[in-house]
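# Commentary on secondary and tertiary structure
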Amino acid sequence: INGKPIIDHIIDKFNDYGVSEYFLSINHKSRIIKAFFDERQQEKNISFIEEKKPLGTIGALSKIAKSIKPIFIVTNCDILINCDYEDIIKYHKKNKNMITIVASFRNYTIPYGDCKINKDGLLVKINEKPNISLLANTGMYIMNREVISQIPKNTRYDLPQLLEKLINLKKRIGVFP
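Residues numbered from 1 in each chain as written. Predicted model: local features only at pLDDT ≥ 70, side-chain atom pairs only at ≥ 80, totals over all residues. Heavy atoms only, no water.

### Side note on the sheet that holds strand E3 (residues 71-75)
Strand order in this open sheet of 4 strands is E3-E7-E4-E8, and the pairing throughout is mixed. Whereas interior strands pair on both sides, the edge strands pair on one side only; in this sheet they are E3 and strand E8 (173-176). Adjacent strand axes in the sheet meet at a mean angle of 40° when their direction is disregarded. In this sheet, E8 lies alongside strand E4 (residues 99-109) in parallel orientation, the contact comprising 4 bridges. Bridging from a neighbouring strand, Ile101 pairs with Val175 of E8. (Pairing = 2+ DSSP bridges. Helix = DSSP H or I, 4+ residues; strand = E, 2+ residues; numbered from the N terminus. Axes fitted to C-alpha atoms, helices over the stretch in contact; angles between N-to-C directions.)

### Thoughts on the nonpolar core
Ile58, Leu61, Phe72, Ile99, Met143, Val147 and Leu162 are the most contacted members of the largest nonpolar core, which has 22 residues in total. Ranked by residues supplied to this core, first place goes to helix H4 (residues 159-168) with 4 residues. Setting aside residues no more than four positions away along its own chain, Ile99 makes contact with His92, Tyr141, Ile142, Met143, Val147, Leu162, Leu163, Leu166, Arg172, Ile173 and Gly174. Listed in part, the 17 residues of the second largest apolar core include Ile11, Tyr85, Val102 and Phe176. (Core = buried A, V, L, I, M, F, W, Y, C linked by side-chain atoms within 4.5 Å. Buried < 20%, exposed > 50% of the residue type's maximum accessible area, 1.4 Å probe, protein only. Contact = heavy atoms within 4.5 Å.)

Structure follows, in structure tokens:
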């Protein structure tokens, strides 16, 4: 974007908030990613979590449990969040969440009529070009270090699995809109 890789935009935004330590989980094309950062040498505070086999969207965290601060941020590296990160952290702490999902409101207009039918298959009503609103997951999460104990080691594990497990354990998972 504007001649700059998305990862640079993400790191710059975190740097604006005083973040000084980064862990990048890498697997596919890991040599290219490492070479990109080695060449620049300005990001000395970046550590790589090398996955010998893909560990899913959250599995790599089990490899760095001892290095993580009590509250930390996990983000996909293909998204840009234009929000005050301090507000998100305050929300997370205030609500005593184990995980806070950063979400974005989305409105969509369906370009067709929505047919409501009865049990006999007869039209009851048609709603022309309805609007649907939803709260979409952005791919950014604020987490407490305790979540790592719920992630199996060296196993493919995706964030939806972790969220489901925590919901079943009655842990607090908030959503920051």
